[in-house]
Amino acid sequence: MENYKVTPLHEEHIKLNAKMVNFAGFHMPISYTSIKEEHEAVRNNVGMFDVSHMGEIIIKGKEAQKFVEYLFTNHVETLKAGEINYGMMLNNGGTVIDDLLVYKINDEEFFLVVNASNIGKDYSHIVEQTDGFDVVVENASEEYAEIAIQGPNTEKMIHKLLGIDLSDLKFFNFNNYEYHNHSLLISRTGYTGEDGFEIYGSDEAIIELWNIFIDQSITPCGLGSRDTLRFEANLPLYGHEISNEITPIEAGLKYFVKIDSNINFLGKAALIDQMENSLTRRVVGLELKQKSIPREGYKVFKDDEEIGYITTGYLSITTGKPIALAMINRPYTKRGTEVSVQVRNKMIPGFIRNKKFLKETK
Amino acid sequence: MSKILEGLYYSEDHEWVKVLEDNIVLVGITDFAQAELGDVVFVDLPEEGDEIVQGEEFGAVESVKAASDLVAPVSGEVIEINEDLVGEPEKVNEEPYEAWFIKVKLSDPKELDSLLNNKAYKEEISE
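This one's a predicted model, so the numbers in the text were calculated from it and none came from an experiment. Residue numbering note: each chain is counted from 1, following its sequence as written. The naming scheme follows written order: chains are lettered A onward, ligands numbered 1 onward. It should be noted that, the model being predicted, local features are given only for residues of pLDDT at least 70 and side-chain atom pairs only at 80 or more, the latter also being counted only at that level, while totals for whole chains, interfaces and linings use all residues. Just so you know, side-chain values use all the structure's heavy atoms and leave hydrogens and water out.

In this section: the overall build of chain B. By the criteria applied, helices consist of DSSP H or I runs no shorter than four residues and strands consist of E runs no shorter than two, each listed in order from the N terminus. In terms of regular secondary structure, chain B is built from four helices and nine strands. Ordering the α and β elements of chain B from the N terminus gives β-β-β-α-β-β-β-β-β-α-α-β-α. The quantity called the radius of gyration is restricted to C-alpha atoms. Its globule counterpart is 2.2 Å times the number of residues to the power 0.38. Computed over its C-alpha atoms, the radius of gyration of chain B comes to 13 Å, within 12% of the 14 Å expected for a compact globule of 127 residues. In terms of overall dimensions, chain B has C-alpha extents of about 35 × 35 × 20 Å along its principal axes. Relative accessibility decides the category of a residue: with a 1.4 Å probe and only protein chains considered, values under 20% of the type maximum give buried, values over 50% give exposed, and everything between is partly exposed. Within chain B, the fraction of its 127 residues that count as buried is 48%. Whether two residues are in contact is decided by their heavy atoms: any pair within 4.5 Å suffices. Restricting the contact set of chain B to residue pairs at least 6 apart, pairs at least 24 apart contribute 63%. All accessible-area figures derive from a Shrake-Rupley calculation using a 1.4 Å probe, and residue coverage is judged against the displayed protein chains alone. Accessible surface for chain B amounts to roughly 6400 Å². Of this, 41% is attributable to carbon and sulfur atoms. The distance from the centre of the 9 positive side-chain charges to the centre of the 33 negative ones in chain B is 7 Å. Lys and Arg are tallied as positive, Asp and Glu as negative. Neither His nor the chain termini are counted. We put the charge of a Lys on NZ, of an Arg on CZ, of an Asp on CG and of a Glu on CD.

Take a look at the structure:
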């Protein structure tokens with residue numbers, strides 16, 4: 001346990017006898033009982049995650065909006081106060097520094113939620129870009145605890161247990177709420193592919209909420225199911241589908257890039273150049289034809305030629321299929337292309353497919 | 001607390017070996033191993049007739065999160081594999097000492113002496 005940071009809920013995880021791991025410098029629960037049970041709780045009912053390790057960076061100032069437009073790949077100019085957008089921050093070469101949520105508080109204040117592993121890097125990057133902009137940047141990561149409550153019954157459950165009616169809160173919107181003299185920021189967002197909410201507050205507030213949910217038998221969920229859930233929903237994870245060596249175009253995330261707008265953003269020129277001249281690979285879906293598990297890092301072949309690697313893969317808990325996201329060289333990215341994946345010392349046949357892993361069950 | 005049965009042999013790779021009759025053994029993974037792995041979702045086994053060699057990998061047991069090599073605790077010929085585990089890998093979690101993986105005809109029964117008994121294995125996992 002040397003040098004691990006802990007979240008305000010660390011004691012609660014230990015009390016629940018969670019299996020703990022080191023993740024992004026934090027001592028975090030990987031699961032409490034079983035990844036499968038936690039995964040199914042979120043798909044079918046409600047599950048709760050400690051995501052207090054996530055970073056929060058606040059941008060304030062007269063030119064906050066203009067500054068975030070420059071930093072962020074997705075639209076900010078169209079956001080109203082209380083709305084959120086998902087996108088990335090890029091470096092000049094177009095590769096990804098981090099993916100993040102941008103919450104618009106007002107024209108002069110934005111709340112950025114970034115990955116735990118990248119907080120320091122993101123903060124330095126943002127500060128470096130402030131030259132010429134009338135803005136102030138604050139790393140508020142230590143001030144916020146956060147839980148994610150996810151699953152189809154979450155809205156009902158929060159109404160019942162906290163008396164907070166979130167039925168009017170739309171997807172990718174947020175608002176401030178009061179609970180027992182605590183002020184909470186609640187957004188209808190998540191990382192599971194299910195309906196749900198993320199709740200930000202002080203340490204005391206979040207510990208109190210966590211225990212209310214635990215006392216009512218809401219399933220606590222660890223990083224294990226967080227990964228299996230986000231994977232099935234085709235949501236990227238930094239260090240896997242995106243990284244400082246991968247662009248959003250390669251990652252198949254062009255939808256989150258305002259490439260056609262007039263707004264200049266950091267990395268835009270490199271992306272346009274790549275799209276026009278040099279797109280050599282892309283993240284695609286892949287499925288094996290026999291029972292085996294295509295895991296992260298496994299090599300993908302076309303005949304004898306190595307054509308890429310698995311970025312994330314599982315025997316899907318929801319569909320039972322051996323599926324993966326894989327970074328594949330063109331032209332083998334075409335759907336239906338027959339490929340094989342090296343699983344230990346065997347070559348397992350498979351094919352390139354779409355990334356809508358959940359659609360076939362719902 | 002992990003369950004350990006008397007009368008079995010154990011390897012440092014957390015496998016158990018049960019002697020059925022002269023030179024014929026079953027091999028599985030221990031309660032400690034299944035708990036460390038979490039939900040077992042797939043077992044990759046050798047084929048009948050394959051030779052396995054003590055200390056070398058002969059297959060894999062995979063949980064949701066990770067693949068873990070199976071290391072042969074003894075040498076010999078695989079004379080049967082447990083087909084039930086293909087359809088119901090969760091049995092490895094539920095009854096680790098019933099859910100055997102392979103039946104082996106030993107090529108060198110003296111190798112059993114290099115394995116741990118229940119007491120020594122208990123010490124091994126409490127370290």
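Residues and elements named next belong to chain B. Two strands qualify as a pair provided that DSSP identifies no fewer than 2 bridges between them. The antiparallel open sheet is built from three strands, whose spatial order is β4-β6-β7. With one partner strand each, in any of the chains shown, β4 (40-44) and β7 (67-71) form the two edges of the open sheet. Going across the sheet, the axis of each strand differs from the next one's by a mean of 25 degrees, ignoring polarity. For helices, the fitted line uses only the C-alpha atoms of the stretch in contact; every axis is such a line through C-alpha atoms, and the angle between N-to-C directions lies from 0 to 180 degrees.

Our next topic: the interface of chain A and chain B. In this complex, chain A contributes 18 residues to the contact, which on the side of chain B involves 17 residues. Of the roughly 1400 Å² buried between chain A and chain B, counting both surfaces, carbon and sulfur atoms make up 48%. Buried surface area refers to the total accessible area, computed with a probe of radius 1.4 Å, that the two partners give up upon joining, counted for both partners together. On the chain A side of the contact with chain B, Lys291, Arg295 and Arg344 of chain A bury the most area, a combined 40% of that side's loss. A side-chain nitrogen of Lys or Arg and a carboxyl oxygen of Asp or Glu constitute a salt bridge if their distance falls within 4 Å. For the pair chain A and chain B, the interface holds five salt bridges.

Counting buried positions along helix α3 (residues 64-71) of chain A gives six out of eight residues, so the element sits mostly inside the fold. Among the residues making up α3 of chain A, those that are buried are Ala64, Gln65, Phe67, Val68, Glu69 and Leu71 of chain A.

Let us now look at the nonpolar core. Residue and element names in this part refer to chain A. Throughout this description, the term nonpolar core refers to a set of buried Ala, Val, Leu, Ile, Met, Phe, Trp, Tyr and Cys residues connected via side-chain atoms within 4.5 Å. Core analysis: the largest hydrophobic core is formed by 30 residues, its most contacted members being Ile147, Ile158, Ile164, Ile186, Ile199, Leu209 and Phe213. Elements with a contribution of two residues or more to this core: β9 (145-150), α5 (154-162), β10 (174-179), β11 (182-187), β12 (196-201) and α6 (203-215). Looking at this core, the element that brings in the most residues is α6, giving seven residues. Non-local contacts of Phe213, meaning those with residues more than four positions away in its chain, are made with Met48, Ile149, Ile158, Leu161, Leu162 and Ile218. Core analysis: the next-biggest nonpolar cluster, separate from the first, contains 28 residues, Leu90, Tyr238, Phe265 and Val283 among them.

On to the pattern of salt bridges. Residues and elements named next belong to chain B. Going through the model one piece at a time under the given rule, you end up with 19 salt bridges over all chains. Glu80 serves as the salt-bridge partner of Lys103, at 3.2 Å between the closest nitrogen and oxygen. Placement of Lys103 in strand β9 (residues 102-106) and of Glu80 in strand β8 (residues 76-81) is noted, with a sequence separation of 23 residues between them. The class of Glu80 is partly exposed, set by a relative accessible area of 32%.

As a further point, take the packing of α5 of chain A against α6 of chain A. Residues and elements named next belong to chain A. The N-to-C vectors of α5 and α6 enclose an angle of 105 degrees; their axes lie 11 Å apart at closest approach. Accordingly, the angle class assigned to the pair α5 and α6 is roughly perpendicular. On the side of α5, the interface is formed by Ile158, Leu161 and Leu162, while α6 contributes Leu209, Ile212 and Phe213. Residue polarity is assigned by list, with Asp, Glu, Lys and Arg as charged and Ala, Val, Leu, Ile, Met, Phe, Trp, Tyr, Cys and Pro as nonpolar; anything else, Gly included, falls into the polar class. Residue composition of the contact of α5 with α6, grouped by class: six nonpolar, no polar and no charged. Angular relationships are summarised with four words: roughly parallel below 35 degrees, roughly antiparallel beyond 145, roughly perpendicular across 65 to 115, and oblique for the angles in between.

Residues and elements named next belong to chain A. Among the 11 residues of strand β6 (residues 96-106), nine are classified as buried, and the element is accordingly described as predominantly covered. Judged from the seven bridges that link them, strand β5 (residues 84-90) and β6 form a sheet pairing that is antiparallel. In the strand pairing of β6, Ile84 is matched with Tyr103. The antiparallel pairing of β5 with β6 creates a hairpin that spans five residues between the two strands, and Gly94 there sits at a positive phi of about 90 degrees. Two elements, β6 and strand β7 (residues 109-114), share six bridges in a ladder whose sense is antiparallel.

Residues and elements named next belong to chain A. An automatic or database domain assignment is the source of the domain bounds shown. On domain assignment, one finds that chain A holds domain 1 (10-51 + 144-227), domain 2 (55-141) and domain 3 (280-361). Computed from C-alpha coordinates alone, the two centres of domain 1 and domain 2 are separated by 24 Å. Listed per partner, the contact involves 12 residues of domain 1 and 17 residues of domain 2. Across the domain 1 to domain 2 interface the summed buried area is about 1200 Å²; carbon plus sulfur atoms make up 67%.

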